[in-house]
Amino acid sequence: MIMAQMSAVLLGLVLASSSVAAFTSSSTPWNPTMKQQLFEISPSPMNIRPSALSMAVFDDILDGADASARSKENKQYLKTLSDRVDKINSLEPMIEELEDDELEAKTREFQKRLADGEDINGSLLEEAFAVVREAAWRVLELRHYDVQMMGGLVLHDGRLAEMATGEGKTLVATLPAYVNALTGKASFVITVNDYLARRDMEKMGQVHRFLGLSVGLIQSGMSEEQRRKAYACDVVYVTNSELGFDYLRDHLALSPEQTVLPSNAGEFDGFCVVDEADSVLIDEARTPLIISKQVPAPANKYAVANQLAGALKEGIHYTVDLKNKNAVLTEQGYFESEKALGIDSLFVIGPDGDAWAPYVSNAIKAKELFNLDVEYTITKDASGKATGVGIIDSFTGRVLDGRRWSDGLHQSIEAKEGIDVSEQSKVIAKVTYQALFRQFTRLSGMTGTASADAAELEQTYGLRVTPVPTALPVARRDYPDVTFKTRKAADSALVREVVAVQESGRPCLIGTTSVTQSEQIVSALAESDIRAELLNASPKNAPRESEIVAQAGRAGVVTVATNMAGRGTDILLGGCATTMARIKTRSVL
């Protein structure tokens with residue numbers, strides 16, 4: 001019987017594979033929805049339900065066919081882009097002959113041609129790209145490589161350009177941002193933090209200003225009038241979070257005069273390019289942006305719930321789901337909690353208008369899922385007294401000023417740490433990044449790692465991932481991951497590796513996932529007489545942060561940092577002479 005079932009499953013797989021071959025070899029274009037269609041029409045001999053193993057093999061067959069089709073389409077698409085780049089290159093001698101004022105006048109010429117009805121995707125696009133390339137060379141002494149021009153064309157086509165680290169994505173963004181700003185609608189360049197937004201505006205914004213466009217910058221702490229003025233510019237540099245919160249505030253405004261986004265409508269009509277798109281559109285998109293108001297919190301309830309959570313045991317009174325960051329009471333947990341609180345049910349509304357269920361649930365989450373110096377830190381005043389809880393950004397290791405967990409979770413963590421419970425938040429506006437960015441009429445993105453999320457990005461945002469070739473062959477060596485049973489064993493192996501690398505004089509950068517781990521590794525290195533620079537969210541490191549990053553490439557330097565993905569700070573091999581001169585001058589003075 002078992003052999004018969006196995007034979008039936010294998011036969012079903014063979015027939016399914018034949019169906020895949022038939023689809024992929026026919027003239028019908030392949031698309032992901034065929035996966036479900038294929039399975040529905042594939043025979044199932046003897047009416048035997050496919051096993052988990054057969055389904056996994058079946059999925060691999062379909063995913064492989066999908067990836068193969070996507071790769072073939074990308075090659076054809078890149079070939080068409082290469083032809084357009086050749087046309088752009090042919091215009092370069094003519095553009096180089098133009099004086100600065102003539103080059104700037106090209107902007108007004110392009111705007112007039114578009115107003116007269118010329119297609120933005122025609123010959124005008126190639127001319128505009130050639131103009132931006134020449135402007136970047138005159139202003140920044142940076143000339144776009146051919147592959148960077150291809151990256152710009154990918155972004156202009158509303159796709160996601162996958163470009164390797166160090167390929168100059170920031171410079172690439174100047175191309176489509178300029179072209180789309182010629183239409184009279186703003187071009188948005190989205191970055192992951194204020195530092196990058198300012199850096200990109202100050203450097204790349206010079207190219208746009210040289211060509212006669214206005215450039216705006218949005219930073220946290222700006223006034224309403226400053227934001228309105230910045231959003232009115234042709235090219236706007238802003239972080240994803242600032243844009244999201246401005247959108248929410250505009251929808252809470254009582255009159256058009258109180259809005260800051262273009263058109264006073266709280267909507268987006270224009271071009272948008274998202275840097276580090278996989279981080280913004282996939283990783284950070286799991287958590288919605290929320291605006292809330294403060295209401296008094298019942299401190300006594302939070303304190304009692306914290307004591308109760310401390311008495312409950314995992315596996316007996318509740319279960320923990322680490323992946324989804326959730327904790328759920330068992331039947332015994334409900335019974336014991338109700339008995340301890342002297343109530344009939346955790347869900348019964350009490351005289352104060354609240355039930356006990358959310359307080360107990362949040363107390364258990366605070367106990368099991370949120371750890372000091374990993375998910376949060378304790379903020380203190382000048383005297384050293386604890387004043388509250390600060391959320392640590394898992395992507396950068398920084399403390400997010402002004403951010404708070406909602407639905408009473410923040411207060412539960414404060415009660416856990418013995419801090420005075422603050423006022424709690426009540427949600428009054430909420431938006432997800434999926435809903436936010438899909439409002440743009442033209443959305444694009446760029447990142448170094450997107451192929452793994454290609455299907456999700458295309459399904460959710462309509463962004464097709466296009467890998468762009470590197471300017472030169474990749475010289476970096478990627479080694480396989482090494483896994484250890486314990487943290488101690490991993491740290492010991494790490495120290496041995498650093499010792500071996502340092503003997504050759506090579507600089508070494510160590511990435512960690514938390515502030516605590518970074519400090520532990522620095523201590524472990526110190527025991528082996530290795531001095532390491534520490535870069536994490538601790539306020540004591542803030543004044544020297546730029547110096548630490550700039551000098552991380554000096555010979556023999558060891559730098560330990562929390563996850564700084566997306567910072568975009570260049571680490572130059574040999575170090576930065578300008579920064580060294582500044583440090584030396586400051587020490588003398």
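Throughout what follows, the structure given in this document is the object of discussion. (Residues numbered from 1 in each chain as written. Predicted model: local features only at pLDDT ≥ 70, side-chain atom pairs only at ≥ 80, totals over all residues. Heavy atoms only, no water.)

A word on the pairing of strand 8 (residues 326-329). Here strand 8 shows a buried face lined by Ala 327 and Leu 329 and an unburied face lined by Asn 326 and Val 328. What sits between strand 7 (residues 318-321) and strand 8 in their antiparallel hairpin is a turn of 4 residues, with Lys 325 showing a positive phi close to 50°. (Buried < 20%, exposed > 50% of the residue type's maximum accessible area, 1.4 Å probe, protein only. Helix = DSSP H or I, 4+ residues; strand = E, 2+ residues; numbered from the N terminus. Pairing = 2+ DSSP bridges.)

The residue Thr 107 is located in helix 4 (residues 100-115) in this model. On the basis of relative accessibility, which here comes to 2%, the residue Thr 107 falls in the buried class. Those residues in contact with Thr 107 that lie beyond four places of it in its chain are Tyr 178, Leu 182, Leu 211 and Leu 213. (Contact = heavy atoms within 4.5 Å.)

Left-over empty space is what a probe sized like a water molecule reveals as it rolls over the atoms. Taken as a whole and judged by the stated rule, the model has 1 cavity of 30 Å³ or more. Empty space within the largest cavity amounts to approximately 50 Å³. Forming the walls of the largest cavity are Thr 170, Ala 173, Val 189, Thr 191, Asp 200, Tyr 237, Asp 275 and Met 446. Taken together, the residues that form the lining of the largest cavity break down as 4 nonpolar, 2 polar and 2 charged. (1 Å grid on protein atoms, 1.4 Å probe; cavity = no way out; pocket = protein on both sides within 12 Å on 5 of 7 lines; lining within 4 Å. Points joined across faces, edges and corners; volume = space filled by probe spheres on them. Nonpolar A, V, L, I, M, F, W, Y, C, P; charged D, E, K, R; others polar.)

Further remarks concern the sheet that holds strand 3 (residues 215-217). A sheet is described by the order of its strands in space; here 7 strands give the open sequence 3-4-2-5-13-1-14, paired in parallel fashion. Two strands in the sheet have a free side with no partner beyond their single neighbour: strand 3 and strand 14 (465-467). With strand direction ignored, the average angle separating the axes of adjacent strands in the sheet is 20°. As defined by bridge partners, strand 1 (residues 160-162) adjoins strand 13 (residues 442-447) across 3 bridges and the pair is classed as parallel. Residue Leu 160 lies in a different strand from strand 13, and its bridge partner there is Gly 445. Its contacts with the sheet put helix 8 (residues 174-181) on strand 2 (187-191), strand 4 (235-239), strand 5 (271-275) and strand 13, and the angle it makes with strand 2 is roughly 150°. This element, helix 9 (residues 194-210), spans strand 2, strand 3 and strand 4 of the sheet and lies at about 170° to strand 4. (Axes fitted to C-alpha atoms, helices over the stretch in contact; angles between N-to-C directions.)

Moving on: the packing of aromatic side chains. Applying the stated criterion across every chain yields a total of 11 aromatic pairs. With a centroid separation of 4.6 Å and 15° between ring planes, the pair formed by Phe 268 and Phe 440 is classed as stacked. Pair noted here: Phe 268 is in the loop between helix 11 (240-252) and strand 5 and Phe 440 is in the loop between helix 17 (433-437) and strand 13, with a separation of 172 residues, a long-range link. For the pair Phe 268 and Phe 440, one class covers both residues: buried. Grouping aromatic residues by their ring pairs yields a cluster made of Phe 188, Tyr 231, Tyr 247, Phe 268, Tyr 433, Phe 437 and Phe 440. Positioned above the aromatic ring of Tyr 77, the side-chain terminus of Arg 159 is 3.8 Å from the ring centre. If you follow Lys 301 out to its NZ or CZ, it ends over the ring of Trp 356, 5.0 Å from the centre. (Phe/Tyr/Trp six-rings, centres within 6.5 Å; stacked < 30°, edge-to-face > 60°. Lys NZ or Arg CZ within 6 Å of the ring centre and 35° of its normal.)

Within this structure, the stated rule accounts for 28 salt bridges. Residues participating in the shared-partner salt-bridge network are Lys 106, Glu 109, Arg 113, Glu 118 and Glu 127. (Salt bridge = Lys/Arg side-chain N within 4 Å of Asp/Glu carboxyl O.)

A separate point is the nonpolar core. In this structure, Phe 129, Tyr 178, Leu 211 and Tyr 237 are the most contacted members of the largest nonpolar core, which totals 53 residues. Broken down by element, this core gets its largest block of residues, 10 residues, from helix 5 (residues 123-140). Beyond its immediate sequence surroundings of up to four residues, Tyr 178 is in contact with Lys 106, Thr 107, Phe 110, Ala 128, Val 131, Val 132, His 208, Leu 211 and Leu 213. Counting residues in each nonpolar core, the second largest holds 38 residues, with Phe 188, Ala 230, Ile 291 and Leu 443 among its members. (Core = buried A, V, L, I, M, F, W, Y, C linked by side-chain atoms within 4.5 Å.)

Contact geometry of helix 13 (residues 299-311) with helix 16 (residues 409-416) gives a least axis separation of 9 Å together with a crossing angle of 65°. Judged on the interaxial angle alone, helix 16 and helix 13 are roughly perpendicular. The interaxial crossing formed by helix 13 with helix 16 has right-handed handedness. Here Tyr 302, Ala 303 and Asn 306 of helix 13 lie close against helix 16, whose contacting residues are Gln 411, Ser 412, Ala 415 and Lys 416. A class-by-class count of the residues in the contact of helix 13 with helix 16 yields 3 nonpolar, 3 polar and 1 charged. (Parallel < 35°, antiparallel > 145°, perpendicular 65-115°, else oblique. Left-handed = near helix turned anticlockwise from the far one by under 90°.)

Side chains of Glu 99, Asp 101, Glu 102 and Glu 104 sit close together on the surface and give a patch of like negative charge. Topologically, Glu 102 is positioned in helix 4. Exposure remark for Glu 102: the relative accessible area of 38% places this residue in the partly exposed category. (Patch = residues over 30% accessible without salt bridge, like charges linked within 9 Å, V, L, I, M, F, W, Y side chains within 5 Å. Areas by Shrake-Rupley, 256 points an atom, 1.4 Å probe, with all protein chains shown as cover. Lys, Arg positive; Asp, Glu negative; His and termini not counted. Charge placed at Lys NZ, Arg CZ, Asp CG, Glu CD.)

In the contact formed by helix 5 and helix 8, the axes pass within 9 Å of each other and the chain directions differ by 125°. By the angle between their directions, the pair helix 5 and helix 8 is classed as oblique. Classified by chirality, the crossing of helix 8 by helix 5 is right-handed. Contact with helix 5, carried on its side by Leu 125, Ala 128, Phe 129, Val 131 and Val 132, involves Thr 174, Leu 175, Pro 176, Tyr 178 and Val 179 of helix 8 and no other residues of that element.

This next bit is on the sheet that holds strand 15 (residues 508-512). One open sheet accounts for 3 strands, arranged 15-17-16; its pairing is parallel. Every other strand in the sheet has two partners, leaving strand 15 and strand 16 (532-535) as the edge strands with one partner each. Averaged over all pairs of adjacent strands, the angle between strand axes in this sheet comes to 20°, irrespective of strand direction. Bridge count between strand 16 and strand 17 (residues 558-562): 4 bridges; the pairing is parallel. In the strand pairing of strand 17, Ala 532 is matched with Val 558. Across the sheet, helix 20 (residues 515-527) touches strand 15, strand 16 and strand 17, and the angle it forms with strand 17 is around 160°.

Relative to the elements of secondary structure, Glu 162 occurs in strand 1. Looking at Glu 162, the relative accessible area reads 13%, which means it is buried. A distance of 2.8 Å separates polar atoms of two side chains, one belonging to Glu 162 and the other to Ser 451. Discounting chain neighbours no more than four positions away, the residues touching Glu 162 are Thr 447, Gly 448, Thr 449, Ala 450, Ser 451, Val 465, Thr 466, Pro 467 and Val 468. (Polar contact = N/O pair within 3.5 Å; in protein donor to acceptor, adjacent residues only side chain to side chain.)

Any functional reading would require information beyond the geometric quantities listed.
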